[in-house]
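Letter by letter, the chains look like this.
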Amino acid sequence: MTALPKTVDSFVPTNDQKDLPPLSVAVPRVCLVTGGTGGIGSAICKRLAKAGHVVATTYRNEEKARAWEAEMRKEGFTFHTYKCDVSNFEETQRVVKSVVADLGPVHVLINNAGITRDSTLRKMTIDQWRDVISNDLDSVFNVTRPVLDYMLETGFGRIINISSINGQKGQFGQANYAAAKAGMHGFTKALAQEVAKKGVTVNTVSPGYIDTDMIQAVPENIRQAIVAQIPVGRFGKPEDVAHVVSFLVAEESGFITGANISSNGGHFMD
Ligand code: NDP
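Source: prediction; values computed, not measured.

Draft legend 1. Up close: the overall build of the protein chain. What the protein chain contains, in helices and strands, is nine helices and seven strands. Against the 2.2 N^0.38 benchmark of 18 Å for 270 residues, the protein chain shows a C-alpha radius of gyration of 19 Å, consistent with a compact globule. On the principal axes, the C-alpha backbone points of the protein chain span a range of 65 × 45 × 40 Å. Within the protein chain, buried positions represent 41% of all 270 residues. Contacts in the protein chain between residues at least 24 apart in sequence constitute 73% of all its contacts with a sequence separation of at least 6.

Draft legend 2. Looking closely at the sheet that holds strand S3 (residues 80–83). Spatially, S3-S2-S1-S4-S5-S6-S7 is the arrangement adopted by the seven strands of the open sheet, whose pairing is parallel. Only two strands of the sheet have a single partner each, and these edge strands are S3 and strand S7 (260–263). The average angle at which neighbouring strand axes cross in this sheet is 20°, direction not considered. Bridge analysis of strand S1 (residues 30–34) against strand S4 (residues 108–111) gives three bridges, and the strand direction is parallel. Directly across from Leu32, in S4, lies its bridge partner Leu109. On the sheet, helix H3 (residues 89–103) packs against S1, strand S2 (54–59) and S3 and is oriented at approximately 155° with respect to S3. Sitting on the sheet, helix H6 (residues 175–195) is in contact with strand S5 (157–162), strand S6 (200–207) and S7, with an inclination near 160° to S6.

Draft legend 3. Expanded view of the site of the ligand. The environment of the ligand is made up of 31 residues, and the closest members are Gly35, Gly38, Asn61, Ala113 and Gly114. Going through the elements one at a time, helix H1 (39–50), S2, helix H4 (126–154) and helix H7 (213–216) are the ones with two or more residues in the shell around the ligand. A per-class count over the shell around the ligand returns 12 nonpolar, 15 polar and four charged.

Draft legend 4. A look at the environment of Val100. With respect to the element layout, Val100 can be found in helix H3. Taking the C-beta count within 10 Å as the criterion, Val100 has 18 such neighbours and is therefore assigned partly exposed. On a C-alpha basis, the gap between Val100 and Asp213 in space is 32 Å, while along the polypeptide they are 113 residues apart. Setting aside residues up to four positions removed in sequence, Val100 forms contacts with Pro105, Val106 and Tyr150.

Draft legend 5. Spatial organisation of the nonpolar core. The biggest cluster of nonpolar side chains holds 54 residues, and the ones touching the most others in it are Cys31, Ile44, Ile110 and Val245. For this core, the element with the most residues is H4, which contributes seven residues. Setting aside residues up to four positions removed in sequence, Cys31 forms contacts with Leu48, His53, Val54, Val55, Val108 and Ile110.

Draft legend 6. Region of interest: the pairing of S4. The alternating pattern of S4 places Val108 and Ile110 on one face and Leu109 and Asn111 on the opposite face, and all of these are buried. One ladder, built from four bridges, connects S4 with S5; its direction is parallel. Following the sheet pairing, Leu109 is matched in S5 by Ile159. With H4 bridging S4 and its parallel neighbour S5, the resulting β-α-β unit is right-handed.

Draft legend 7. Structural context of H6. Counted at 1.5 Å a residue, the expected span for H6 with its 21 residues is 30 Å, and the 30 Å between its end C-alpha atoms agrees. Those residues of H6 that sit buried are Asn176, Tyr177, Ala178, Ala180, Lys181, Ala182, Met184, His185, Thr188 and Leu191.

Draft legend 8. Region of interest: the pairing of S5. Among the six residues that make up S5, six are buried, leaving the element largely enclosed by the rest of the structure. Burial along S5 is two-sided: the face carrying Gly157, Ile159 and Asn161 and the face carrying Arg158, Ile160 and Ile162 are both buried. Across six bridges, S5 lies against S6 in parallel orientation. Across the sheet, Ile162 pairs through a bridge with Val205, a residue of S6.

Draft legend 9. Spotlight on the packing of H1 against helix H9 (residues 238–249). At a closest axis distance of 8 Å, the pairing of H1 and H9 adopts a crossing angle of 45°. Taken together, H1 and H9 sit at an angle that is classed as oblique. For the pair H1 and H9, the crossing hand works out as right-handed. Each of Gly39, Ile40, Ser42, Ala43, Ile44, Arg47 and Leu48 in H1 lies in contact with H9, whose residues at this interface are Pro238, Glu239, Val241, Ala242, Val245, Ser246 and Val249. A breakdown of the residues in the contact of H1 with H9 according to their chemical character gives nine nonpolar, three polar and two charged.

Parameters and conventions
Residues numbered from 1 in each chain as written. Predicted model: local features only at pLDDT ≥ 70, side-chain atom pairs only at ≥ 80, totals over all residues. Helix = DSSP H or I, 4+ residues; strand = E, 2+ residues; numbered from the N terminus. Rg over C-alpha atoms; globule rule 2.2 N^0.38 Å. Buried ≥ 20, exposed ≤ 12 C-beta atoms within 10 Å, placed from the backbone. Contact = placed C-beta atoms within 7 Å. Pairing = 2+ DSSP bridges. Axes fitted to C-alpha atoms, helices over the stretch in contact; angles between N-to-C directions. Near = placed C-beta within 6 Å. Nonpolar A, V, L, I, M, F, W, Y, C, P; charged D, E, K, R; others polar. Core = buried A, V, L, I, M, F, W, Y, C linked by C-beta atoms within 7 Å. Right-handed = clockwise from strand over helix to strand, strands pointing away. Expected span 1.5 Å × (residues − 1). Parallel < 35°, antiparallel > 145°, perpendicular 65-115°, else oblique. Left-handed = near helix turned anticlockwise from the far one by under 90°.

Written out as structure tokens, the structure reads:
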């Protein structure tokens, strides 16, 4: 058996491996990640920056965003931050224009911002319903709409919508969230068909339970009950989701479009 090379540098191709195409180095792209200051968004921003891309992100909470920027700087990352409520169509149009004026056309859009307002339907208020639909689903239209023109002009685009396992299987107390997240994938499949010939791919990533602040706040006994249902035997990490996103962003992923990729430890198998 041939020993594996210890490092990439020590890899010497044998004759039959010489015909393999070289691994590509990422072409630097302008990426816009909504809700980058959150748990999963931070991991996505870092992963894209490490691949050499220029990363902009939107936020709502000023104080949280400033603390996040300081934390990121300590870790060696500089991101371009824009205050923008992505549930507001007019505000989003203005902010996308500013991003393009500052950084150039957006090539990669990660629709990641989202909220939950859980309640059984019998107790759900119209505000709980509307808040989730506007923050989690309307926002996808609001940001994708202005960004798409630039992608079509450039002839390259990657749109990745961060949905949820609960959009795939439903969840008690989350009729609003499940509807928004399932709607997101309908959007993905329709738009993927509209732009497939123009170098723009549109995909959904559906994370399972990811160990963010939200999960940390759940009582330990409930956390253990959730983990017991996950075949891999652990919660996901934000980096697990970021990995799938970076895979879809890659130049080589141009043949993947309209897909819904689960990152859920086997918790739900479609
Ligand atoms: P967080 O609550 O940590 O982060 C959410 C981010 O979205 C925050 O930065 C928040 O900014 C931003 N945001 C929300 N609404 C808006 C808005 N209207 N305009 C601008 N920014 C907004 O969540 P996670 O990182 O856990 O989740 C990220 C995505 O992944 C969400 O879409 C979520 O539904 C999905 N997901 C999460 C799972 C999990 O287990 N954590 C599982 C499956 C899916 P601010 O704080 O400034 O408002």
